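Given next are the chains, with one letter for each unit.
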Amino acid sequence: MATSVAGEEQPSLNGIISEPQTKKLTDLPTELLEHILCFPVLKHVDVCNVSCCCKRLHDVCHGRGKVWGHQYKLRWPRLQRFYRQNESCDWLREYKTRHRVGIQIRRTVESISKRFFTEVPCVGQVLGDSFAEIESLGMPEHFCEDELLFILNSDKRKSLTLKYYAKKILYFLRQQNILRSLKTFLEQPAEQQSALEGAVLVDQYCNPLADITLDSISAQLDEITEKVKKMLRIKNPSHPSLRIAQGNCSVVEDFELQRQVVCALNSVLYEQLQYKGNECDYYNPLNSYIHQVLLRRTGIPISLSVLYMTLARKLGVQLEPVNFPNHFLLRWCQKPRGSEDIYDFVYIDAFGKGKQLTAKECEYLIGHQVTADYYSAISTTEVLLRMVGNLLNIGKRGEGNEKSYQLLRDSLDLYLTINPDNVQYLLLQARLYFHLGIWPEKVLDILQHIQALDPSQHGAVGYLVQHTLEHIQHKKHPVTPEVKRRSYPEHLEVQYSVGLIMKHKRSGYNCVIYGWDPKCTMSQEWITTMRVHQLSNGANQPFYNVLVQDGTCRYAAQENLEPHSAPLEIGHPEVGRYFSEFTDTHYVANEELQTRYPEDMDETLRTVQELYHRLMPGSGNQEEAPATDQNNHQAMSM
C-alpha cells in the first residue's frame with residue numbers, strides 16, 4: 001500500500017518556489033482512515049495486513065475500534081441482536097472467538113457423518129463428547145447456533161450431508177434451551193403461569209427450527225383484541241374493557257358487560273376472522289401448535305380454548321379451563337363470589353364457535369354422563385399435559401416413519417419434563433429408544449429410574465436391560481458394512497445405480513436410489529404381504545432402496561422402476577445422509593455411500609450422459625446449430 005503522496009511545487013508568498021511536500025496516508029485524520037478501512041471490499045485478512053504496516057495504522061485498527069466492529073457486523077449480521085447499540089466491545093476478540101467456534105463446529109459436523117452413517121443418528125448421544133470440548137472453551141452458545149445457520153443457508157444444492165447433520169445439531173441445541181425455559185416456567189407459582197406461554201413452549205419444542213416467539217404470538221392476539229374492542233366500542237362506547245391497557249389484568253365484574261365481551265369475541269373470532277374447529281383433519285399435529293392455529297385459523301378444542309381464554313382475559317373476563325373428556329371446554333362463572341356448583345357455570349365450546357352450554361348439554365356433547373369432577377377447573381400444568389398427551393397419541397397413530405417417530409420422541413420429552421415420574425411413559429420412552437436402536441446408555445438410565453419408582457415392572461425392565469446390554473456389547477464390535485461392486489458376477493443384473501432419479505411405473509411416485517440388492521432380501525412374510533410373487537420376475541430380481549418424494553423410504557423391484565424423464569430434486573429429509581450434492585440430473589453420493597457402492601458413481605455418470613445428453617446445455621445439438629458452426633465442424637472433421 002502506498003503510504004506517501006508527492007505534492008506539486010507551489011510558489012510561496014515571497015515568490016520563491018518551495019520544496020515539494022510529501023503527504024503520508026497516516027497523516028489523514030483517524031475518522032477518515034477508519035472510513036477507508038471500512039470499505040466492503042476489505043476483508044479481515046486485509047485489515048490484519050494493514051494493522052501490521054506501522055504503529056499508526058495498528059492503533060487505528062485497535063480491537064475496540066470502528067474497523068473491527070464493522071468487520072464483525074459485516075461477516076455475522078445475525079449476531080447483532082446480542083449487542084446493545086453503540087456498545088463498547090472488544091470486537092477483535094469477539095471476531096476471533098466466533099471464528100474459532102465456526103472451525104470447531106464444522107469439524108464436529110463433518111465427523112458425525114463418518115461415525116454414524118451406519119446407524120440411526122441420535123444427536124443427543126452424538127454430541128456428548130463433541131460439545132463438551134466446545135463448552136470447555138467457554139464460548140457463547142449463540143456463536144454455535146450462528147455457524148450452524150450459516151451452514152444451512154449456504155448453496156441450496158451443495159454440502160447436503162453437512163447441512164443434514166448441522167440441522168440435527170441445531171434442532172437438538174434449541175430443544176435443550178427450550179426445555180430449560182419450560183423447567184423455569186414450571187417452577188413459577190401456579191397463579192403466575194400463563195397457558196399461552198406454556199402452549200408456546202410446547203410449540204417451540206416440537207418446531208425448534210421455526211421462528212416462534214411468545215412476543216410474536218402475543219402481538220397477533222393483541223391485534224385480535226383490538227378488533228374486539230372496536231366492535232365493543234360500537235355497541236357500548238363506555239364499556240370498561242375499552243380502558244384496559246395491554247398487559248393489564250383488570251377484571252370486569254358486571255355480568256351484562258362480560259356477556260357483551262363474549263358476544264363481541266365470538267363475532268370477531270368466528271364470523272369476522274373465520275376461526276373454526278378442524279373436523280376434517282382432526283389428528284393433524286399442526287392443530288396443536290399455537291402459531292399454526294393462528295396462521296391457519298383452525299385447531300382442536302384445547303388449542304382454540306387457550307386462544308379464546310387468553311383473549312377473554314385481555315378484555316377483563318375470567319374463564320377457566322375444564323379437562324372435559326374427549327372435548328376440552330372453558331367455564332364461565334355466573335355467580336358474583338365464585339362457586340363450585342357445576343350448575344353455576346356456563347361452559348364455552350371454543351371448538352364449536354364459542355357455543356355456550358349447560359352442564360347437561362356438555363354430556364350430550366360426548367354422548368355419556370360424567371361425574372362432577374370432570375367439570376372442575378384445572379391448572380396450567382394440567383392443560384399442558386393434556387395438550388402434550390394429544391401429540392403423544394398422534395405420534396402413536398403415525399405410520400412408523402421418521403416424522404411420526406420424531407413427534408413421539410418430542411412429545412415424550414415434554415410429558416416427562418412436566419411429569420417426570422410417569423412410569424407408563426417412561427417405559428414407552430425406553431421401548432421407543434430400544435426399538436430405534438439409539439442411545440442405549442440413556443435407555444439403561446430410564447430403566448433404572450422405572451425400577452426405583454415401580455419394582456413391579458421388573459419383568460419388562462429386565463427384558464429391556466438384557467437386550468440393551470447386548471446392543472452395547474454389539475456396538476463395541478461393529479460389523480464392517482458390505483461393499484457392493486457392480487462388476488461382481490452376482491450383480492450383473494443390477495441396471496440402476498445410486499443417485500439416479502427414478503419414477504415408479506405403477507404408483508407414479510418420484511424417488512432417488514440410495515442402495516440396492518441383487519435379489520429381494522426381505523422376509524417371506526413381507527414378500528407375501530407386498531404380493532411380490534405377482535411380479536413377472538418375482539423376488540428373483542434386483543431390488544432398490546429409494547427415498548420417495550413424500551418422505552417415505554421404500555424397497556422397489558427393478559421392473560417397477562424407470563429413469564425419470566425430467567429429473568427433479570427429491571424433498572426427503574434423509575437425502576443429506578446419503579448424498580452431498582444435487583446436480584440437476586442426479587445426486588452425488590457422499591463419501592460414506594461411495595465406500596459402500598464404490599463403482600456406482602461412474603455408472604451413474606454414464607447413465608446420466610446417455611439419458612439426458614440432449615437436454616444438457618452445451619450438448620452440441622447440431623440440428624439447430626448456425627450454418628457457420630456447421631461449416632466449422634465440417635472443416636475440423638476434414
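In this numbering scheme, every chain counts its residues from 1 along its sequence in written order. For this predicted model, a pLDDT threshold of at least 70 governs which residues receive local features, and a threshold of 80 or more governs which side-chain atom pairs are given and counted, while totals over whole chains, interfaces and linings are taken from all residues. The side-chain values count all of the structure's non-hydrogen atoms but skip hydrogen atoms and water molecules.

Draft legend 1. Looking closely at helix H2 (residues 44-51). Relative accessibility under 20% of the residue-type maximum defines a buried residue, over 50% an exposed one, and the middle range a partly exposed one, all with a 1.4 Å probe and only protein chains included. Helical segments are the DSSP runs of H or I of at least four residues, strand segments are the runs of E of at least two, and each set is numbered from the N terminus. The complete set of buried residues in H2 reads Val47, Val50 and Ser51. End-on, the buried residues of H2 take up no more than an arc of 95°, which puts them together on one face. Residue contacts follow a heavy-atom distance rule, with two residues in contact if any of their heavy atoms lie within 4.5 Å. Buried residues along H2 sit against helix H1 (30-37), helix H3 (55-60) and helix H4 (66-75). In this description, the arc belongs to the directions extending from the helix axis to the C-beta atoms.

Draft legend 2. Quick peek at the nonpolar core. Side-chain atoms within 4.5 Å are what join buried Ala, Val, Leu, Ile, Met, Phe, Trp, Tyr and Cys residues into a set we call a nonpolar core. If you look at the biggest cluster of nonpolar residues, it comprises 45 residues, and the most contacted ones within it are Ile224, Tyr275, Ile290, Leu294, Val306, Tyr308 and Leu319. Of all the elements, helix H13 (residues 301-314) adds the most residues to this core, at 8 residues. Leaving out residues up to four positions away in the same chain, Ile224 has contacts with Val268, Leu269, Leu273, Tyr275, Leu294 and Leu311. In this structure, Ile178, Leu182, Leu432 and Tyr433 belong to the second largest nonpolar core, which totals 37 residues.

Draft legend 3. Region of the structure containing helix H11 (residues 255-272). The span you would expect from a helix comes to 1.5 Å times its residue count less one. The terminal C-alpha atoms of H11, which comprises 18 residues, lie 24 Å apart, in line with the 26 Å expected from a rise of 1.5 Å per residue. Packing partners of the buried residues in H11 comprise helix H10 (214-235), H13, strand S6 (329-333) and strand S8 (355-357). Polar contact criterion, stated in full: a pair of N or O atoms within 3.5 Å, where within protein one must be able to donate a hydrogen and the other to accept it, and residues adjacent in sequence count only if both atoms are side-chain atoms. Here H11 starts with a cap whose side-chain oxygen sits 3.0 Å from the backbone nitrogen of Glu256, and that cap is Asp254. Downstream of H11 by a residue or two, Gln274 has a phi angle that is positive, lying close to 65°.

Draft legend 4. How the structure looks around the packing of helix H9 (residues 195-206) against helix H15 (residues 380-396). Taken N-terminus to C-terminus, the directions of H9 and H15 make an angle of 30°; their axes are 9 Å apart at the nearest point. Here H9 lies roughly parallel to H15, going by the angle between them. The crossing of H9 and H15 is right-handed. When H9 is examined against H15, the residues Ala195, Gly198, Ala199, Val202 and Cys206 are found in contact with a partner set consisting of Thr380, Leu384, Met387, Val388 and Leu391. Taken together, the residues of the contact of H9 with H15 sort by class into 8 nonpolar, 2 polar and no charged. To get an axis, a line is fitted to the C-alpha atoms, and for a helix only the part in contact is used. The angle between two axes follows their N-to-C directions and goes from 0 to 180 degrees. For this classification, under 35 degrees means roughly parallel, over 145 means roughly antiparallel, 65 to 115 means roughly perpendicular, and everything else is oblique. Crossing handedness follows the turn of the near helix against the far one: under a right angle anticlockwise gives a left-handed crossing, and clockwise gives a right-handed one. Amino acid classes used here: Ala, Val, Leu, Ile, Met, Phe, Trp, Tyr, Cys and Pro are nonpolar; Asp, Glu, Lys and Arg are charged; the rest, including Gly, are polar.

Draft legend 5. View of the sheet that holds S8. Any two strands between which DSSP finds at least two bridges are classified as paired. Across the sheet, which stays open at both edges, the 4 strands sit in the order S5-S6-S7-S8 with antiparallel pairing between neighbours. The open sheet is flanked by strand S5 (320-322) and S8, the only strands paired with a single partner. Adjacent strand axes in the sheet meet at a mean angle of 40°, parallel and antiparallel pairs treated alike. In the sheet, S5 pairs with S6 via 3 bridges, with the strands oriented antiparallel. Each bridged residue has a counterpart across the sheet, and for Pro321 the counterpart in S6 is Leu330. Contacting S5, S6 and strand S7 (345-349), H13 runs over the sheet at an angle of about 30° to S6.

Draft legend 6. Looking closely at unusual backbone geometry. Despite not being glycine, Ser159 shows a phi value in the positive range, around 50°. Considering the arrangement of structural elements, one finds Ser159 in the loop between helix H7 (141-152) and helix H8 (160-187).

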